[in-house]
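Spelled out, the chains give:
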Amino acid sequence: MSGEVRRALVASPTPAAKAAEERLRATYDFVPQEQANMIVALGGDGFMLQTLHSMLESRRILPIFGMNLGTVGFLMNEWRLERLEQRMHSAKAFKVTPLRMTVDTVDGERFSIPAINEVSLLRETRQTARLEVEVNDRTVLPELVCDGVLVATPAGSTAYNLSAHGPILPLGSGLVALTPISPFRPRRWRGAILPESTTIRFTVLDPVKRPVSAVADQREVRDVARVEVAIDRATPLTLLFDPEHTLDDRIAAEQFIA
């Protein structure tokens, strides 16, 4: 990053993150978040997603440099106390465009929620979900019988999507992954890779007998009737990484992990 850096510091409530926050505040100057032009976040991937969602809700979006004090830390840099200013100035920026899901529930409520990693539809009971799938207003699957289905961004393609045997998408590929979760019918359908300009719509075919929930990253809406998912180009997010350990390198490397 070039120019004057006015950092705000946020940390997850874990003991490790709080201890690191104390050390950073004793070593460097930070400003309140409303005065900052970037954020340093301490925690794991879950806390990073929480911080990004908070910015989306407040509609004040700043570049964010995360340091890992969680478990996986895929979206984070290595935790180090030293040379923070130099790391800020040399950090490589990556734009991440979130999804937005628009949900209509059985009771007639409507919700619009962003998702940075994925939008997932999941069965709520022991019975499988029955879904109709449309792509750009064309029905591509009249009936998908499954435990669920998800739409993942490239940034999220190595998370739940990969666990569901979905493809890893390179950052900047302009694609999204449509991946079924334990599909029963069509028996041989394993998902699709679609342009990010695609609008995907799911209709729950039996929403009372076979209820389905929709989850955008960590936020869930239950008993849904219809879900529409599309890229939200109005709210791009910027993640900052050390040049030697960037997000696109990590996503590429995941393809070679056994």
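As named in an unreviewed UniProt entry, the chain is NAD kinase, taken from Sphingobium baderi. The UniProt entry for the chain carries the following text under Catalytic activity (unreviewed entry): "NAD(+) + ATP = ADP + NADP(+) + H(+)". As recorded by UniProt, the Subcellular location (unreviewed entry) comment attached to the chain reads in full: "Cytoplasm".

*Asks:* I would appreciate a short explanation of the sheet that holds strand E1 (residues 7-11) in the present structure.
*Replies:* In a beta sheet, neighbouring strands are held together by backbone hydrogen bonds and run either parallel or antiparallel to one another. If you walk across this open sheet you meet the 5 strands as E1-E2-E3-E16-E4, and the pairing is mixed. Sheet topology places E1 and strand E4 (92-96) at the edges, where each strand pairs with a single neighbour. Strand-to-strand twist across the sheet, computed as the mean angle between neighbouring axes with direction ignored, equals 30 degrees. Sheet topology places strand E3 (residues 64-68) next to strand E16 (residues 237-241); 2 bridges connect them, and they run parallel. Across the sheet, Phe-65 pairs through a bridge with Leu-240, a residue of E16. Where helix H1 (residues 15-27) meets the sheet, it contacts E1, strand E2 (38-43) and E3, and its direction lies at approximately 155 degrees from that of E1.

*Asks:* How do you make sense of the pairing of strand E15 (residues 224-231) when you look at a structure like this?
*Replies:* Residues in a regular strand point their side chains to alternate faces of the sheet. Strand direction decides the pairing type here: strand E5 (residues 99-105) and E15, joined by 7 bridges, are antiparallel. Bridging from a neighbouring strand, Leu-99 pairs with Ile-231 of E15. Pairing between strand E12 (residues 200-204) and E15: 4 bridges, direction antiparallel. From the neighbouring strand, Arg-201 faces E15, where its bridge partner is Glu-228.

*Asks:* Looking at this structure, I do not really get helix H2 (residues 45-58). What am I missing?
*Replies:* Three or four residues apart is the spacing at which side chains of an α-helix point the same way, because the helix has 3.6 residues per turn. The first and last C-alpha atoms of H2 sit 20 Å apart over 14 residues, in line with the 20 Å expected at 1.5 Å per residue. Within H2 the residues assigned to the buried category are Asp-45, Phe-47, Met-48, Leu-49, Thr-51, Leu-52, His-53, Met-55 and Leu-56. Buried positions along H2 lie against E1, E2, E3, strand E6 (110-115) and E16. Directly after H2, the chain includes Arg-59, whose backbone phi takes a positive value near 60 degrees.

*Asks:* Would you explain the domain arrangement of the chain in this entry?
*Replies:* Think of interface size as the accessible area that goes away when the parts come together; that is how it is often given. The domain boundaries assigned to the chain delineate domain 1 (7-97 + 236-255) and domain 2 (99-231). The C-alpha centroid of domain 2 is placed 28 Å from the C-alpha centroid of domain 1. Considering only the side of domain 1, the residues that lose the most area to domain 2 are His-53, Thr-97 and Ile-251, jointly responsible for 37% of the buried surface there. Between domain 1 and domain 2 we count 0 salt bridges in total. Counting the contacts that link domain 1 with domain 2 gives 2 residue pairs in polar contact (both at pLDDT 80 or more). Those elements that place two or more of their residues in the side of domain 1 that touches domain 2 are H2, E4 and helix H5 (247-253). For the side of domain 1 that touches domain 2, the element with the highest residue contribution is H2, accounting for 6 residues. Broken down by class, the residue content of the side of domain 1 that touches domain 2 amounts to 9 nonpolar, 5 polar and 2 charged.

*Asks:* Even after reading the chapter, I still don't get the packing of aromatic side chains, so can you show me in this structure?
*Replies:* Ring pairs (aromatic) are described by centroid distance and by the angle formed between their planes. Under the defined criterion, the tally for this structure stands at 1 aromatic pair. On the basis of an interplanar angle of 75 degrees and a centroid distance of 5.9 Å, the ring pair of Phe-94 and Phe-241 is categorised as edge-to-face. One end of the pair, Phe-94, is in strand E4; the other, Phe-241, is in strand E16, with 147 residues separating them in the sequence. The residues Phe-94 and Phe-241 share a single accessibility class, namely buried. The ring of Phe-30 is capped by Arg-7, whose NZ or CZ atom sits 5.4 Å from the centre of that ring.

Reading the values: rules and limits
Residues numbered from 1 in each chain as written. Predicted model: local features only at pLDDT ≥ 70, side-chain atom pairs only at ≥ 80, totals over all residues. Heavy atoms only, no water. UniProt positions renumbered as here; feature names shortened; annotations may be inferred. Pairing = 2+ DSSP bridges. Helix = DSSP H or I, 4+ residues; strand = E, 2+ residues; numbered from the N terminus. Axes fitted to C-alpha atoms, helices over the stretch in contact; angles between N-to-C directions. Contact = heavy atoms within 4.5 Å. Expected span 1.5 Å × (residues − 1). Buried < 20%, exposed > 50% of the residue type's maximum accessible area, 1.4 Å probe, protein only. Domains from an automatic or database assignment. Buried area = accessible area lost by both parts, 1.4 Å probe. Salt bridge = Lys/Arg side-chain N within 4 Å of Asp/Glu carboxyl O. Polar contact = N/O pair within 3.5 Å; in protein donor to acceptor, adjacent residues only side chain to side chain. Nonpolar A, V, L, I, M, F, W, Y, C, P; charged D, E, K, R; others polar. Phe/Tyr/Trp six-rings, centres within 6.5 Å; stacked < 30°, edge-to-face > 60°. Lys NZ or Arg CZ within 6 Å of the ring centre and 35° of its normal.

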